[in-house]
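# Remarks on the overall topology
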Amino acid sequence: MTKLKWGMIGGGEGSQIGPAHRLGALADGHFEFTAGALDHRPDVGREYAQRLGISADRAYGDWTEMLAGEKTRDDRIDLVTVATPNATHFEITKSFLEAGFNVLCEKPMTMTVEEGEEIVKVAEKSGKICAVNYCYSAYPMVRQARAMVRAGEIGKVRLVVTNFSHGHHGDATDADNPRVRWRYDPAMAGVSGQFADCGIHALHMASFISDDEVETLSADFASTIPSRELEDDAMVNFRMQGGTVGRLWTSSVAIGRQHGFDIQVFGETGGLRWASEQPNQLIYTPVGGRTQIIEKGEGGLYEDAQRLSRVAIAHPEGFPLAVANIYCDLADAIKGETRDGLPGAADGVRSMAAVHTAVESAKAGGAWLDARPSIFR
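Here the structure is a predicted model, which means the values were calculated and not measured. Per chain, residue numbering runs from 1 following the sequence as it is written. For this predicted model, a pLDDT threshold of at least 70 governs which residues receive local features, and a threshold of 80 or more governs which side-chain atom pairs are given and counted, while totals over whole chains, interfaces and linings are taken from all residues. Side-chain descriptors were evaluated using all non-hydrogen atoms of the structure, hydrogens and water having been removed beforehand.

## Considerations on the overall build of the protein chain
Across its full length, the protein chain holds 12 helices and 14 strands. To get the radius of gyration, use the C-alpha atoms; to get the globule rule, take the number of residues to the power 0.38 and multiply by 2.2 Å. Against the globule reference of 21 Å for 377 residues, the protein chain gives a C-alpha radius of gyration of 20 Å, in line with a compact fold. Projecting the C-alpha coordinates of the protein chain onto the three principal axes gives extents of approximately 65 × 50 × 40 Å. Three exposure classes are used, based on accessible area relative to the maximum for each residue type with a 1.4 Å probe and protein chains only: buried under 20%, partly exposed in between, and exposed over 50%. Sorting the 377 residues of the protein chain into buried and exposed places 55% on the buried side. A contact between two residues is defined here by any heavy atoms of the two lying within 4.5 Å. The long-range fraction of contacts in the protein chain, counting pairs at least 24 apart against all pairs at least 6 apart in sequence, stands at 68%. Under the convention used here, a 1.4 Å probe and the Shrake-Rupley method define accessible areas, while residue burial counts only the protein chains that appear. Put simply, the protein chain shows about 15600 Å² of open surface, and 50% of that area lies on carbon and sulfur atoms. Two residue types count as positive, namely Lys and Arg, and two as negative, namely Asp and Glu; His and chain ends fall outside the count. Where a charge sits is defined by one atom per residue type, namely NZ (Lys), CZ (Arg), CG (Asp) or CD (Glu). Side chains of the protein chain carry 38 positive and 51 negative charges; the gap between the two charge centres is 2 Å. Secondary structure follows DSSP: runs of H or I at least 4 residues long count as helices, runs of E at least 2 residues long count as strands, and numbering of each begins at the N terminus.

## Quick word on the sheet that holds strand 3 (residues 79-83)
Read across the sheet, 5 strands follow the order 2-1-3-4-5 without closing on themselves; strand pairing throughout is parallel. The open sheet has two edge strands, strand 2 (31-37) and strand 5 (130-132), and neither has a second partner. Along the sheet, successive strands turn relative to each other by an average axial angle of 25 degrees, direction set aside. Following DSSP output, two strands are said to pair if at least two bridges run between them. Relative to strand 2, strand 1 (residues 4-10) runs parallel, the two sharing 6 bridges. The residue of strand 2 that forms the bridge with Ile9 is Ala37. To define axes, lines are fitted to C-alpha atoms, for helices over the stretch in contact only, and angles between the resulting N-to-C directions are given on a 0 to 180 degree scale.

## With respect to the UniProt feature "domain: GFO/IDH/MocA-like oxidoreductase" (unreviewed entry) in the protein chain
Taken from the UniProt record, the annotation "domain: GFO/IDH/MocA-like oxidoreductase" (unreviewed entry) applies to residues 142-272. Split by type, residues 142-272 is 26% helix and 33% strand. Its first and last C-alpha atoms lie 10 Å apart. UniProt positions are given in the numbering used here, feature names are shortened, and annotations may be inferred rather than shown by experiment.

## What to know about the pairing of strand 13 (residues 292-295)
Sheet topology note: the strand 12 (residues 281-286)/strand 13 ladder contains 4 bridges and is antiparallel. Note on strand 13: the bridge partner recorded for Ile283 is Ile293. Hairpin geometry of strand 12 and strand 13 is characterised by an intervening segment of 5 residues between the two adjacent antiparallel strands and by a positive phi of about 75 degrees at Gly288.

## A word on the pattern of salt bridges
Throughout this description, the term salt bridge denotes a Lys or Arg side-chain nitrogen within 4 Å of a carboxyl oxygen of Asp or Glu. Across all of its chains, the model carries 35 salt bridges by this definition. In this structure, Asp75 engages Arg73 in a salt bridge whose closest nitrogen and oxygen atoms are separated by 2.8 Å. The partly exposed category is assigned to Arg73, whose relative accessible area is 25%. One salt bridge in this structure joins Asp370 and Arg377, with 3.7 Å as the shortest N-O distance. Note on Asp370: relative accessible area 25%, which makes it partly exposed. Take Arg377: its relative accessible area is 57%, and that puts it in the exposed class. Where salt bridges share partners, they join Arg143, Glu303, Asp304, Arg307, Asp329, Asp332, Glu337 and Arg339 into one cluster.

## Focus: the packing of aromatic side chains
The geometry of an aromatic ring pair comes down to the distance between the two centres and the angle between the two planes. Each Phe, Tyr or Trp ring (for Trp, its six-membered ring) is paired with any other whose centre lies within 6.5 Å, and the angle between the two planes then decides the class: stacked below 30 degrees, edge-to-face above 60, tilted in between. Evaluation of the coordinates by the stated rule reveals 13 aromatic pairs. Taking 6.3 Å as the distance between ring centres and 20 degrees as the angle between the ring planes, the aromatic pair formed by Tyr136 and Tyr139 counts as stacked. There is no split in this pair, since Tyr136 and Tyr139 are both buried. Geometrically, a charge over a ring is one whose NZ (Lys) or CZ (Arg) sits within 6 Å of the ring centre while staying within 35 degrees of the ring normal. Arg228 extends its terminal NZ or CZ atom over the ring of Tyr184, reaching a point 4.2 Å from the ring centre.

## Regarding empty space enclosed by the protein
Buried and open spaces are told apart on a 1 Å grid over the protein atoms alone, a cavity being a set of points where a 1.4 Å probe fits but cannot get out and a pocket being an open set with protein on both sides within 12 Å along at least five of seven lines. Residues with an atom within 4 Å of a point are the lining residues. Grid points are joined across faces, edges and corners, and a volume is the space filled by probe spheres set on the points. According to the stated counting rule, one finds 2 cavities of 30 Å³ or more in the structure shown. As for the largest cavity, its lining consists of Leu203, His204, Ser207, Glu213, Val214, Asp347, Arg350, Ser351, Ala354, Ala371, Arg372 and Pro373. Of all elements in the fold, only helix 9 (194-210) and helix 12 (345-363) reach the threshold of two or more residues within the lining of the largest cavity. No other element matches helix 12, which puts 4 residues into the lining of the largest cavity.

## So, helix 11 (residues 319-334)
Multiply 1.5 Å by the residue count of a helix minus one, and that product is the helix's expected span. In this model helix 11 runs 23 Å from its N-terminal to its C-terminal C-alpha over 16 residues, within 8% of the 22 Å that 1.5 Å per residue would give. Immediately downstream of helix 11, the backbone of Gly336 shows phi near 100 degrees, a positive value.

## Digging into the nonpolar core
Residues enter a nonpolar core if they are buried and are Ala, Val, Leu, Ile, Met, Phe, Trp, Tyr or Cys, with the set joined through side-chain atoms within 4.5 Å. In this structure, Met66, Phe96, Phe195, Ile209, Tyr327 and Leu330 are the most contacted members of the largest nonpolar core, which totals 101 residues. In terms of residue count, helix 9 provides more of this core than any other element does, 10 residues in total. Those residues in contact with Met66, other than ones at most four positions away along the chain, are Gly7, Met8, Ile9, Ala35, Gly36, Ala37, Tyr60, Ile77, Val80 and Phe96.

## Remarks on the sheet that holds strand 10 (residues 261-267)
If you trace the 9 strands from one edge of the open sheet to the other, you get 13-12-11-10-6-9-8-7-14, paired in mixed fashion. A strand with exactly one partner marks an edge of an open sheet, and here the two such strands are strand 13 and strand 14 (369-370). Where strand 6 (residues 157-165) and strand 10 come together, 7 bridges link them in antiparallel fashion. Paired with Thr162 across the strands is Ile263, a residue of strand 10. Set on the sheet, helix 6 (residues 140-150) makes contact with strand 6, strand 11 (270-275), strand 12 and strand 13; between it and strand 12 the angle comes to about 25 degrees.

## What to know about the state of the cysteines
Note on terminology: disulfide denotes any pair of cysteine sulfur atoms within 2.5 Å. Counted according to the given criterion, the structure contains 0 disulfides. Cys130 takes part in no disulfide bond, and the closest cysteine sulfur to it belongs to Cys105, at a distance of 6.4 Å. The exposure class assigned to Cys130 is buried, which follows from its relative accessible area of 6%. No disulfide involves Cys198; its nearest neighbouring cysteine sulfur is the one of Cys135, lying 12 Å away.

See the structure below:
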């Protein structure tokens, strides 16, 4: 198998997300790590890239140097991952798309709805893939849940309840820790804190499994630690285009919760539940029937769940392999095989529209507002 060439911007030594991308991209042999601009400090980034096996001439000091170097090469990279701070996503993603590169961008894809809409248009014009790393949608049992909904196994979806809540920022004495503080600083995080950080994963998952899109929402935001400008807790009610009702809670001050991402989907004839801390199991209850546990790796799963299951039943598959599944779908897409489970620029701009709408709704006392970006209204 000829490997695709992969490059990465950001995600340097000590990064939270960088190792997951490197493990994911290389897990299945689809990609080779060819180029990188891994740190905002040029010399540090070059040195670290070379320690990871990148040749000196493709260990770049910054993303502009990487773009200039790669676009003139006959053996240019096939895919670049953007894992830099949020405020830089738009410029880097747009520049690489315009230069003819496929891009995987970390979430949020952009800081504003207008930037997101521009990325959608640039991706369409370039003919290149712009994917967004909503990697939780690539867990095998999440794909199983989506397939069951599409197959009508729980009937028409009535209600979705989801949350992404943890307590790792709940210590007020640690509020000035630089690794925590930036998330609640509008100059660095944008208009939203916890909802833009974790809540949009839950909102994307609601749309992904229910196979529907959010139309309107009403939000209540709270900054429970007074020094924070942006919210550290949010409750968002939403309604979807197909009539489904949604409830979403996201928090970073829920002390005692570790990861806390789960979703329940209730239909006319059954219900489903998936939790990221037990990702190998999908809980299914048919109306009037017994609750069942569907296990990753067992027989009779839908094709997408089978395809993305890596190890034998009862062996755990975790976050890096969910990221790896995104890269599997990307490799197929680059080679021309459509994977409709791959989150794209449209998902990115829908998320950003939801963030800005939720901020506006919270300021207006929870007013119900249209959450769709203008290009999808």
